[in-house]
Amino acid sequence: MNDLLSKVLCVKCGGYLQRKVNLAECKKCGKKYLFENGILIMLSSISLQDKQNQYQKRFYDKHYKSDDANKELEWKKRWVTRLLGFLPKDKKSCILDLACGQAYMTLAIAQKGYQIIACDISIGGLMRARKEAEKLKIEKNILFIASDINRIKFKNNTFNFIVMLHVLEHLIADRQIMKKVISFSKADATYYIGVPLSLAYVFPLFMPLYMYSDRRVGHLRRYTLESIMRLFTFKAEPVFTVYTGHLVKFLGLFLTKIRVNILEQQIEDLDEKMLSTKLWASNITTVIKRKT
């Protein structure tokens, strides 16, 4: 963990951190960040004054306490399988899961032997993930940080692989944050991005439901592949793109709500048959690399 901590910079002054018994201290300004239950707390009062941050933290702290949020659902397994195929071959690579949520991606990556930093504004979600990491005996591979994505700082040229699943749509300044992420990523880094697909492609009759859901979970916008690409400050290319959450998933959602999971795998199989079809899908996942 000490090696991972060396990648993190002081939120206040950008100085390097050093590990003490139960805290990390900035070598430059002396600011101290406590470790609570194995989680580095870097949230500040400034971060929590932001209304969007307040809503996100309140909503997801409550959400991650629910049993439904932490079930081993089939769609999570499919997303993990897709991601693992793009991880760097070098196990010494440093990976970042930005706004990791319940951190099921983080845990899967750490189980493969990689070192990973996982950040989120929800301490509740991070605590559950930390406990799961301890059960799996992979906690030494992960540095969990409770932080505001707008203020977190890392050393430049640090990460080989960046996971940003359902992050960008929650950010007021998505372009600015993407520029920041690029600055602390290596030149040949891979970006694994998942966002909600533009409403132009969803099933028209269900559009009010999508709009309601977006407001409820804090989505500020939706994307197309083209709008994702415009966030990059260098010449980038998508090496992999899929569309998920087609109409068949509404059946799966209904069955889940009434506690019927017998058709879960079959529904995911049907959805995967349409991975190249954006029409009536609800999510887009893409892998971005610098164009050579």
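Residues numbered from 1 in each chain as written. Predicted model: local features only at pLDDT ≥ 70, side-chain atom pairs only at ≥ 80, totals over all residues. Heavy atoms only, no water.

Trainee: I'm lost on the state of the cysteines in this one. Help?
Mentor: Here a disulfide denotes one covalent bond, and it connects the sulfur atoms of two cysteines. For the structure on display, the rule yields zero disulfides. C26 takes part in no disulfide bond, and the closest cysteine sulfur, belonging to C13, lies 3.4 Å away. Given the relative accessible area of 2%, C26 is considered buried. Left unpaired, C119 is separated from the closest cysteine sulfur, that of C100, by 7.0 Å. C119 gets classed as buried once you look at its relative accessible area, which sits at 3%. (Disulfide = S-S within 2.5 Å. Buried < 20%, exposed > 50% of the residue type's maximum accessible area, 1.4 Å probe, protein only.)

Trainee: Explain the packing of helix α2 (residues 51-63) against helix α7 (residues 207-217) here, please?
Mentor: Two numbers describe a pair of packed helices, the interaxial angle and the distance between the axes. Following both chains from N to C, one finds α2 and α7 inclined at 100°, their axes separated by 9 Å at the closest point. Classified by the angle their axes make, α2 and α7 are roughly perpendicular. The residues of α7 that touch α2, namely those facing Y55, Q56, F59 and Y60, are R215, R216 and V217. Across the contact of α2 with α7, the residue classes break down as four nonpolar, one polar and two charged. (Axes fitted to C-alpha atoms, helices over the stretch in contact; angles between N-to-C directions. Helix = DSSP H or I, 4+ residues; strand = E, 2+ residues; numbered from the N terminus. Parallel < 35°, antiparallel > 145°, perpendicular 65-115°, else oblique. Contact = heavy atoms within 4.5 Å. Nonpolar A, V, L, I, M, F, W, Y, C, P; charged D, E, K, R; others polar.)

Trainee: How should I be thinking about the nonpolar core in this particular structure?
Mentor: The nonpolar side chains of soluble globular proteins are, as a tendency, buried together. With 50 residues, the main nonpolar core has I117, I145, F154, Y191 and F232 as its most contacted residues. Once you skip the residues sitting within four places of it in the chain, F232 turns out to touch M178, I182, Y191, I193 and I288. Among the nonpolar cores identified, the runner-up in size contains 31 residues, and I41, M105, A110 and I116 belong to it. (Core = buried A, V, L, I, M, F, W, Y, C linked by side-chain atoms within 4.5 Å.)

Trainee: For this particular structure, what's the right way to read the pattern of salt bridges?
Mentor: As a working rule, side chains carrying opposite charge can pair if their charged atoms are close by. As enumerated under the stated definition, the model contains eleven salt bridges in all. Between D269 and R78 there is a salt bridge, and its shortest N-O distance comes to 2.8 Å. Of the two residues, D269 sits in helix α10 (residues 264-272) while R78 sits in helix α3 (residues 74-84), which places them 191 residues apart along the sequence. For D269, a relative accessible area of 32% puts it in the partly exposed group. (Salt bridge = Lys/Arg side-chain N within 4 Å of Asp/Glu carboxyl O.)

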